[in-house]
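So the chains spell out like this:
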Amino acid sequence: MLYFGGLFGVLMLGLVIFAVVDVITTDDGSVRNLPKLLWLLLVLLFPLVGSIAWFVAGRPVGTGRARSSAFERAAPSFPEYDRPGRFSATDAADDEEFLRRCRERAEEQRRKGRENQ
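Residues numbered from 1 in each chain as written. Predicted model: local features only at pLDDT ≥ 70, side-chain atom pairs only at ≥ 80, totals over all residues. Heavy atoms only, no water.

1. Side note on the confidence of the model for the protein chain
Reasoning step 1: Considering every residue of the protein chain, the mean pLDDT works out to 79; 71% of them sit at 70 or more.
Reasoning step 2: Looking across the protein chain, the model is least confident in helix H1 (residues 2-25), with a mean pLDDT of 83, and most confident in helix H2 (residues 36-45), with 90. (pLDDT = per-residue confidence, 0-100. Helix = DSSP H or I, 4+ residues; strand = E, 2+ residues; numbered from the N terminus.)

Printed below as a string of structure tokens:
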């Protein structure tokens with residue numbers, strides 16, 4: 001029976017340490033139901049109950065994916081495509097007109113570049 005008590009104590013200690021580290025490393029804005037400081041106090045003052053409560057009611061939803069480091073952007077790869085009011089061709093004729101203007105502008109820039117040399 002002592003082995004079970006010792007194993008339970010080690011598991012509880014591991015749970016509390018994991019919960020404390022998780023509370024500390026979670027962003028302030030993504031914590032649910034209570035402020036981050038209150039969650040930390042709850043986990044430290046009531047280790048077993050506080051840890052279980054953190055994982056059930058306080059931890060952010062959708063934390064299954066890897067967290068980004070401090071130097072990574074949280075924005076999508078190409079946020080300019082999601083910008084409101086961004087022009088996107090609805091039919092092939094508009095797209096062809098745009099490409100024709102791009103080719104004309106490129107040719108004009110090449111001519112100017114050759115003249116300046």
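Still more ground to cover, so stick around.
2. Here's the deal with the pattern of salt bridges
Reasoning step 1: Inspection of every chain in the model, using the stated rule, returns 7 salt bridges.
Reasoning step 2: Across the pair Arg59 and Asp22 runs a salt bridge, and its minimum N-O distance is 2.6 Å. Highlighted residues: Arg59 in the loop between helix H3 (47-58) and helix H4 (92-116) and Asp22 in helix H1, separated in sequence by 37 residues.
Reasoning step 3: The exposure class assigned to Asp22 is buried, which follows from its relative accessible area of 4%.
Reasoning step 4: Residues Glu97 and Arg101 are paired through a salt bridge, measuring 3.9 Å at the closest nitrogen-oxygen approach. Here Glu97 and its partner Arg101 are both found in helix H4, 4 residues apart, which amounts to about one turn of the helix.
Reasoning step 5: Where salt bridges share partners, they join Glu97, Arg100, Arg101 and Glu104 into one cluster. (Salt bridge = Lys/Arg side-chain N within 4 Å of Asp/Glu carboxyl O. Buried < 20%, exposed > 50% of the residue type's maximum accessible area, 1.4 Å probe, protein only.)

3. Thoughts on the nonpolar core
Reasoning step 1: Within the largest apolar cluster, 8 residues are counted, these being Val16, Ala19, Val20, Val23, Val31, Trp39, Val43 and Trp54.
Reasoning step 2: Of all elements in the fold, only H1 and H2 reach the threshold of two or more residues within this core.
Reasoning step 3: A per-element tally of this core places H1 first, with 4 residues.
Reasoning step 4: The residues touching Val20, leaving out its near neighbours within four places in the chain, are Leu40, Val43 and Leu44. (Core = buried A, V, L, I, M, F, W, Y, C linked by side-chain atoms within 4.5 Å. Contact = heavy atoms within 4.5 Å.)

4. Examining the packing of aromatic side chains
Reasoning step 1: For the coordinates displayed, the defined rule picks out 2 aromatic pairs.
Reasoning step 2: Note on Phe18 and Phe55: the rings are 5.7 Å apart at their centroids and 20° apart in plane angle, and the pair reads as stacked. Pair noted here: Phe18 is in helix H1 and Phe55 is in helix H3, with a separation of 37 residues, a long-range link.
Reasoning step 3: On the accessibility criterion, Phe18 (47% relative accessible area) is partly exposed.
Reasoning step 4: Ring centres 5.6 Å apart and planes at 70° place the aromatic pair Trp39 and Trp54 in the edge-to-face group. Taken as a pair, Trp39 in helix H2 and Trp54 in helix H3 lie far apart in primary sequence, 15 residues in all. (Phe/Tyr/Trp six-rings, centres within 6.5 Å; stacked < 30°, edge-to-face > 60°.)

5. As for the side chain of Thr26
Reasoning step 1: Tracing the backbone shows Thr26 in the loop between H1 and H2.
Reasoning step 2: Polar contacts involving the side chain of Thr26 include one to the main-chain carbonyl oxygen of Asp22, which spans 2.5 Å. (Polar contact = N/O pair within 3.5 Å; in protein donor to acceptor, adjacent residues only side chain to side chain.)

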